[in-house]
Amino acid sequence: MRLRREIGMFAIGGVLGLVVDAGTVQALVVWGGWNPYLARVLSFLLAATVTWAWNRRHTFAHRDSGHSAAAEWLHWLALMGVGACVNYAIYAALLLAFEPLRRWPALPAAAGSAVAALVNFSTARGVLFRRPKRAV
């Protein structure tokens with residue numbers, strides 16, 4: 001039952017992160033004239049920060065990373081980097097394969113995020129938040 005709840009809460013956090021990621025990359029490309037590849041780096045960092053905050057407070061509230069908040073955030077970014085590589089590879093491949101998507105980078109961003117979510121949940125739960133919190 002707890003695993004199912006974690007998956008559900010992780011999915012909610014993922015949707016929040018996707019909104020930040022896709023919204024940021026879309027705004028930077030369309031309104032800011034940014035290169036869609038560089039815009040994705042900033043949008044990922046913002047989205048990863050949002051998902052970290054959500055997941056530490058909600059999804060894995062009953063688990064402990066054993067790190068200070070700053071160290072936990074850095075560890076989160078490092079672990080999510082694996083998922084980000086998967087995510088970015090899909091994003092870039094779709095942009096390269098389908099030129100019309102360059103005007104709508106939010107769509108390949110969403111596709112990359114969906115695949116990377118599996119990797120991200122596994123590393124977040126199995127590596128960073130693997131220990132139950134101790135009762136105080």
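The preceding data block contains the structure.
Criteria and cut-off values
Residues numbered from 1 in each chain as written. Predicted model: local features only at pLDDT ≥ 70, side-chain atom pairs only at ≥ 80, totals over all residues. Heavy atoms only, no water. Phe/Tyr/Trp six-rings, centres within 6.5 Å; stacked < 30°, edge-to-face > 60°. Helix = DSSP H or I, 4+ residues; strand = E, 2+ residues; numbered from the N terminus. Salt bridge = Lys/Arg side-chain N within 4 Å of Asp/Glu carboxyl O. Buried < 20%, exposed > 50% of the residue type's maximum accessible area, 1.4 Å probe, protein only.

Novice: What is the right way to look at the packing of aromatic side chains in this model?
Specialist: Under the definition given, this model contains six aromatic pairs. Here the aromatic rings of Phe10 and Phe60 are separated by 6.4 Å at their centres, their planes lie at 55 degrees, and the arrangement is tilted. Of this pair, Phe10 sits in helix 1 (residues 2–30) while Phe60 sits in the loop between helix 2 (36–59) and strand 1 (63–64), and the two are 50 residues apart along the sequence. Aromatic ring contacts, followed pair by pair, group Phe10, Phe60, Trp76, Phe121 and Phe129 into a single cluster.

Novice: So what exactly am I meant to see when it comes to the pattern of salt bridges here?
Specialist: Opposite charge on two side chains permits pairing when their charged atoms draw close. By the definition in use, this model includes four salt bridges. Taking the shortest distance from any N to any O, the salt bridge between Arg63 and Glu6 comes out at 2.9 Å. Of this pair, Arg63 sits in strand 1 while Glu6 sits in helix 1, and the two are 57 residues apart along the sequence. Classification of Arg63 as buried rests on a relative accessible area of 13%. Note on Glu6: relative accessible area 0%, which makes it buried. Two residues, Glu72 and Arg56, come together in a salt bridge whose shortest N-O distance is 2.5 Å. Remark: Arg56 occurs in helix 2 and Glu72 occurs in helix 3 (residues 69–97); sequence separation between them is 16 residues. By relative accessible area, which is 33% here, Arg56 ends up partly exposed. Salt bridges sharing common partners tie together Glu6, Arg63 and Arg125.

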